[in-house]
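Structural overview
The primary structure of each chain is shown beneath.
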Amino acid sequence: MVESLERNTALTLSHERAAQTSNGYVMLLVIVAALLLAVFGITQIETSDFGGVLVAVGALVTAFVAGGFYMQQPNQATAITLFGAYKGTDRVTGLRWVLPWLWRKQVSLRANNMISERLKVNDLRGNPIEIAAQVVWRVTDTAQALFDIDDYKAFVIVQIEAAVRTIGARYPYDDYEHQEVTLRGNHEQVGQELRAELIARLVTAGITVDECGFTHLAYAPEIAGAMLRRQQAQAVVAARATLVEGAVGMVEMALDLLSAKGVVELDDERRAAMVSNLMVVLCGERDTQPVVNAGSLYQ
């Protein structure tokens, strides 16, 4: 009973196949021939009873053939159905013709560019962020797009939103230690994962994704100020660390040169004082004011 229920509730998957259609220009010649036949019948009405039959046949053929024409532009397809049964898809461009009682539904195979709305998502660390994506998608299977999905364009919009939320929650917005994959620092890798997620979600609709990426990525307004101060503080710390590292190297080089050239002999106390003064000069944010010592070195 469970297996029977699953069969009844499972989606019936459609697959595109080629439709049996005709060249419209050939059928156009048929109409011309039918019209000539009708004109000839008109000329024979007065002299022969067969003229009326020719006129009727010509009119009927013209009306029958005229109802089956349709135009198809490049990167367009036409799905053909007969009383609800799918009969195939025509992808040939130009003037085409099918039997008039066959229903025809055109589907665009051209690339569509869509930018999602800005969504508020919690990243991997729980920080609220705003995120929006740009997606280039197109229909690859017209039968799935028309018959497996109620409205494939609305379906694409919903699935883009769901995929963006999934990827946004999978990674942190930023990693200040540069040890993790982040939304802000790994655009290409995250974009590839977003594309793979979208393709997996849209495959049931006969749709593929050619390109995608983030168009907006930022902290939510309620924490943007705090995160900006954090970034500024970490930038100051990093700059200070670089400055101190360089200053230590310069002080070490100055002391080594003074000792190597015998310019002055300094005991440990004076070396410590000189190191302190040099570090103040090199690491200070303001310009230092020199003080001239008019006495001895130890005064």
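Each remark here, short or long, concerns the structure printed above.
Position labels on residues start from 1 in each chain and follow its written sequence. Side-chain atom pairs in this predicted model are given and counted only at pLDDT of 80 or more, local residue features only at pLDDT of at least 70, and totals for whole chains, interfaces and linings cover all residues. Excluding hydrogens and water, the side-chain figures rest on all heavy atoms present in the structure.

Classification of ring pairs rests on two measures: the distance between centres of Phe, Tyr or Trp rings, Trp counted by its six-membered ring, which must be within 6.5 Å, and the angle between planes, read as stacked under 30 degrees, edge-to-face over 60 and tilted in between. Tallied over the full model, the rule gives four aromatic pairs. Feature note: the residues Phe-64, Trp-97 and Trp-101 constitute an aromatic cluster, connected by ring pairs.

Glancing now at unusual backbone geometry. One non-glycine residue, Asn-75, lies in the positive phi region at around 60°. Looking at the element boundaries, Asn-75 is found in the loop between strand E2 (69–72) and strand E3 (76–82). Positive phi outside glycine occurs at Phe-83, with the angle close to 50°. Structurally, the position occupied by Phe-83 is in the loop between E3 and strand E4 (85–90). Strands here are runs of E lasting at least two residues and helices are runs of H or I lasting at least four, both read from the DSSP assignment and numbered beginning at the N terminus.

Looking now at the pattern of salt bridges. What makes a salt bridge here is a side-chain nitrogen of Lys or Arg within 4 Å of a carboxyl oxygen of Asp or Glu, nothing more. Overall, the coordinates contain seven salt bridges when judged by the stated rule. Across the pair Arg-201 and Glu-197 runs a salt bridge, and its minimum N-O distance is 3.0 Å. A residue pair is termed a helical-turn pair when its members lie 3 or 4 positions apart in one helix, as Arg-201 and Glu-197 do in helix H6 (residues 187–202) at four residues. For Glu-197, a relative accessible area of 18% corresponds to the buried category. Connected through salt bridges with shared partners, the residues Arg-170, Glu-193, Glu-197 and Arg-201 form a single ionic network. Residue burial is assigned from relative accessible area. The probe radius is 1.4 Å, only protein chains are included, and a residue is buried under 20% of its type maximum, exposed over 50%, and partly exposed in between.

Inspection of the secondary structure assignment puts Ser-14 in the loop between helix H1 (2–9) and strand E1 (22–23). N or O atoms closer than or at 3.5 Å make up a polar contact, with two conditions inside protein: a donor-capable atom paired with an acceptor-capable one, and, for residues adjacent in sequence, both atoms drawn from side chains. A polar contact of 3.0 Å, which involves the side chain of Ser-14, links it to the side chain of Asp-148. Contacts were defined at the residue level, with two residues in contact if any of their heavy atoms lie within 4.5 Å. With residues near it in sequence (within four places) discarded, Ser-14 still touches Ala-143, Gln-144, Phe-147 and Asp-148.

A few words now on helix H3 (residues 50–66). Expected span of a helix: the number of residues minus one, times 1.5 Å. An ideal rise of 1.5 Å per residue puts 24 Å on 17 residues; H3 measures up with 24 Å between its terminal C-alpha atoms. Along its buried surface, H3 packs onto helix H2 (24–43), E2 and strand E5 (94–97).

Let's shift gears to the nonpolar core. Counting residues in each nonpolar core, the largest one holds 39 residues, and the members touching the most others are Trp-137, Val-139, Tyr-152, Leu-194, Leu-198, Ile-207 and Phe-214. At the level of secondary structure, the elements contributing two or more residues to this core comprise E3, strand E8 (119–122), strand E9 (128–139), helix H4 (142–147), helix H5 (152–170), H6 and strand E10 (207–219). Examining the composition of this core, we find that seven residues originate from one element, H5, more than from any other. Once residues within four sequence positions are removed from consideration, Leu-194 is found in contact with Ala-133, Ala-163, Val-164, Ile-167, Cys-212 and Phe-214. If you look at the next biggest cluster of nonpolar residues, it comprises five residues, including Ala-19, Tyr-70, Ile-80 and Val-98. Among the buried residues, those of types Ala, Val, Leu, Ile, Met, Phe, Trp, Tyr and Cys that are joined through side-chain atoms within 4.5 Å form a nonpolar core.

Spatial ordering of the open sheet is given by E4-E3-E6, a layout of three strands whose pairing is antiparallel. Edge positions in the sheet fall to E4 and strand E6 (103–108), since each of these pairs with one other strand and no more. Averaged over all pairs of adjacent strands, the angle between their axes in this sheet comes to 25°, without regard to strand direction. Sheet topology note: the E3/E4 ladder contains five bridges and is antiparallel. Along E4, the bridge assignment pairs Thr-81 with Tyr-86. Following DSSP output, two strands are said to pair if at least two bridges run between them. The axes used here are C-alpha line fits, helices contributing only the stretch in contact, and every angle between their N-to-C directions lies in the interval 0 to 180 degrees.

Bringing the sheet that holds E1 into the picture now. Taken in spatial order, the three strands of this open sheet run E1-E5-E2, and their pairing is antiparallel. Bordering the open sheet on either side are E1 and E2, each of which pairs with just one other strand. Sheet topology note: the E2/E5 ladder contains four bridges and is antiparallel. Note on E5: the bridge partner recorded for Tyr-70 is Arg-96.

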